[in-house]
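Observations on the three-dimensional arrangement
Chain by chain, the residues run as shown.
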Amino acid sequence: MSENGKEQGAPVTAGNGKHKLAMYWAASCGGCEISVLNIGKHILDVDSAFDIVFLPCVADFKYDDVRGYDDGYIDVCLFNGAIRNSENEEMAHLLRQKSKVLVAFGSCAYEGCIPALSNLTSREATLRAVYLDNPSTENPEGVLPQESTAMPEGELHIPAFYETVRSLDQVVDVDYTIPGCPPEPHQIWAVLEVVVDALSNGTELPPAGSILGAGTVALCEECTRTKDVKKIERFYRPHELAPDPDICLMEQGLLCMGPATRAGCGALCPSVGMGCRGCYGPLDGVEDQGMRMLAAIASVLDVGDAHTEEHELERQINEVMATIPDPAGTFYRFSMAHSILRRAKVEG
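Note that the coordinates shown come from a computational prediction; the quantities given were computed from them, not determined experimentally. (Residues numbered from 1 in each chain as written. Predicted model: local features only at pLDDT ≥ 70, side-chain atom pairs only at ≥ 80, totals over all residues. Heavy atoms only, no water.)

Quick look at the overall build of the protein chain
From N to C terminus, the protein chain includes 11 helices and nine strands. For 348 residues, the compact-globule formula gives about 20 Å, and the C-alpha radius of gyration of the protein chain, at 23 Å, lands near that figure. For the protein chain, the spread of C-alpha atoms along the three principal axes comes to 75 × 55 × 35 Å. Going through the 348 residues of the protein chain one by one, you find that 44% of them count as buried. In the form shown here, the protein chain has an accessible surface area of approximately 17,500 Å², with 53% of it arising from carbon and sulfur atoms. (Helix = DSSP H or I, 4+ residues; strand = E, 2+ residues; numbered from the N terminus. Rg over C-alpha atoms; globule rule 2.2 N^0.38 Å. Buried < 20%, exposed > 50% of the residue type's maximum accessible area, 1.4 Å probe, protein only. Areas by Shrake-Rupley, 256 points an atom, 1.4 Å probe, with all protein chains shown as cover.)

In structure tokens:
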């Protein structure tokens with residue numbers, strides 16, 4: 001049984017013996033769907049094991065199709081995307097009701113990801129930036145989207161746009177999480193293989209609440225770059241420095257979220273000279289990924305000594321931190337909705 005009381009492991013099959021798989025996107029970019037297709041030849045194994053009963057990005061499924069399913073009819077639902085509006089929330093509740101196993105698939109569903117950076121401002125400011133103050137938008141009458149609009153054919157309704165973006169588990173109970181932006185293909189198949197084996201052969205599923213397809217150590221542990229714990233005098237943006245291919249990027253002054261991020265991707269970004277941005281989320285036991293990263297930075301700053309006055313030490317620290325152009329967007333790029341911060345308090 002999962003924590004939400006739904007039975008796991010009892011297969012629901014049709015006459016063809018296949019299990020039922022659904023995939024849905026909420027507030028996301030679509031990269032998670034593509035990552036599933038990138039599992040290569042294993043897509044044939046997925047086709048062999050599952051009937052796709054809901055995948056609106058590739059087939060003409062209707063919400064009423066899902067509403068007509070019995071509760072628990074879907075064996076596994078991969079839900080990607082954050083909860084940005086009322087439609088996202090409605091589908092989260094519906095798919096939770098209809099699914100035995102609900103997976104927060106990818107960083108948006110797991111922690112809010114890029115959509116949740118709008119939590120740094122207000123709903124009104126977001127709409128204004130998109131529809132009014134955008135140089136590529138022509139809207140002389142200043143029209144903003146309305147939830148309800150009267151038309152000759154009848155009343156038109158669109159989803160309510162929320163003030164705050166939330167992660168999937170802040171709306172419904174989630175059985176498992178697969179992190180990543182997007183998750184890596186080899187890990188997607190590894191997780192699906194475990195689920196298929198459990199559904200088909202009765203083997204035990206991982207404990208409810210597990211993070212699947214990722215490691216339990218910091219990304220630095222799987223990064224091959226040499227680390228000598230050098231002190232940092234300032235940070236550089238990627239276009240300002242051609243990094244040494246063998247030395248830790250942080251020690252060269254290139255911001256890398258590796259110390260605060262869960263391993264599992266193979267350190268793909270650092271391997272090509274780009275600092276980790278943190279999409280696999282925090283390590284076990286870390287409540288706030290951004291705060292963990294700030295602690296890591298504080299430990300390597302080359303500022304002051306035992307005799308430095310406090311006000312001078314503060315000045316030197318601020319000088320170094322000023323070389324990070326967007327601290328909130330950097331430290332909480334993927335984890336804003338799940339952080340202690342959750343959202344900024346916006347005056348007015």
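Examining the pairing of strand 5 (residues 99–105)
Taken across its seven residues, strand 5 has seven buried, putting it largely inside the fold. In terms of strand pairing, strand 3 (residues 74–80) meets strand 5 through five bridges, oriented parallel. What sits directly across from Leu78, in strand 5, is Val103. By the bridge criterion, three bridges tie strand 5 to strand 9 (residues 176–178) in an arrangement that is parallel. Pairing of Phe105 across the sheet is with Ile178, part of strand 9. (Pairing = 2+ DSSP bridges.)

Let's talk about the nonpolar core
Core analysis: the largest hydrophobic core is formed by 35 residues, its most contacted members being Phe235, Met250, Leu255, Met293, Ile297 and Phe331. Not counting residues up to four positions away in its chain, the partners in contact with Met293 are Met250, Leu255, Cys256, Met257, Pro259, Ala260 and Phe331. Leu21, Leu78, Val101 and Val103 belong to the second-largest nonpolar core, a separate cluster that totals 26 residues. (Core = buried A, V, L, I, M, F, W, Y, C linked by side-chain atoms within 4.5 Å. Contact = heavy atoms within 4.5 Å.)

Here's the deal with unusual backbone geometry
In this structure, Pro182 follows Cys181 across a cis peptide bond, with omega equal to -5°. Along the chain, the position of Pro182 falls in the loop between strand 9 and helix 7 (185–201). Even without glycine at this site, Ala267 takes up a positive phi of about 55°. Assignment of secondary structure puts Ala267 in the loop between helix 7 and helix 8 (268–271).

Here's the deal with the sheet that holds strand 5
Pairing is parallel across the open sheet formed by five strands, whose spatial order is 2-1-3-5-9. Of all strands in the sheet, those with a lone pairing partner are strand 2 (50–54) and strand 9, marking the two edges. Each strand axis lies, on average, 30° off the axis of its neighbour in the sheet, ignoring direction. Sheet topology places strand 1 (residues 19–25) next to strand 3; five bridges connect them, and they run parallel. Bridge pairing in strand 3 places Met23 opposite Leu78. Across the face of the sheet, helix 2 (residues 42–49) comes into contact with strand 1 and strand 2 while running at roughly 80° to strand 2. (Axes fitted to C-alpha atoms, helices over the stretch in contact; angles between N-to-C directions.)

Here's the deal with the packing of aromatic side chains
Taken as a whole and judged by the stated rule, the model has six aromatic pairs. Summarising the aromatic geometry, the rings of Tyr24 and Phe79 are spaced 5.4 Å apart at their centres and angled 50° between planes, so their arrangement reads as tilted. Highlighted residues: Tyr24 in strand 1 and Phe79 in strand 3, separated in sequence by 55 residues. Judged by its relative accessible area of 3%, Tyr24 is buried. Among the residues examined, Phe79 registers a relative accessible area of 0% and is labelled buried. (Phe/Tyr/Trp six-rings, centres within 6.5 Å; stacked < 30°, edge-to-face > 60°.)

Quick word on the pattern of salt bridges
Considering all chains together, one arrives at 14 salt bridges under this definition. We note a salt bridge from Arg234 to Glu240, for which the minimum N-O separation is 3.7 Å. Note that Arg262 is salt-bridged to Asp284, the shortest N-O span being 2.7 Å. Pair noted here: Arg262 is in the loop between helix 7 and helix 8 and Asp284 is in the loop between helix 8 and helix 9 (289–298), with a separation of 22 residues, a long-range link. Several salt bridges share partner residues, and in doing so they unite Asp64, Arg67 and Glu90 into one network. (Salt bridge = Lys/Arg side-chain N within 4 Å of Asp/Glu carboxyl O.)

Thoughts on the domain arrangement of the protein chain
Annotation of the protein chain at the domain level lists domain 1 (19–115 + 164–201), domain 2 (120–161) and domain 3 (219–331). Here domain 1 and domain 3 have C-alpha centroids that lie 33 Å from each other. At the interface, 10 residues of domain 1 touch eight residues of domain 3. Buried area between domain 1 and domain 3, both sides added, is near 630 Å², and the carbon and sulfur share of it is 48%. Looking only at domain 1, the three residues that lose the most surface to domain 3 are Glu111, Pro179 and Glu184, adding up to 48% of its buried area. In this assembly, domain 1 and domain 3 are joined by zero salt bridges. On inspection of domain 1 and its partner domain 3, the count reaches four residue pairs in polar contact (both at pLDDT 80 or more). Those elements giving two or more residues to the side of domain 1 that touches domain 3 turn out to be helix 5 (107–111) and helix 7. By residue number, the principal contributor to the side of domain 1 that touches domain 3 is helix 5, which donates three residues. Partitioning the side of domain 1 that touches domain 3 into residue classes produces four nonpolar, four polar and two charged. (Domains from an automatic or database assignment. Buried area = accessible area lost by both parts, 1.4 Å probe. Polar contact = N/O pair within 3.5 Å; in protein donor to acceptor, adjacent residues only side chain to side chain. Nonpolar A, V, L, I, M, F, W, Y, C, P; charged D, E, K, R; others polar.)

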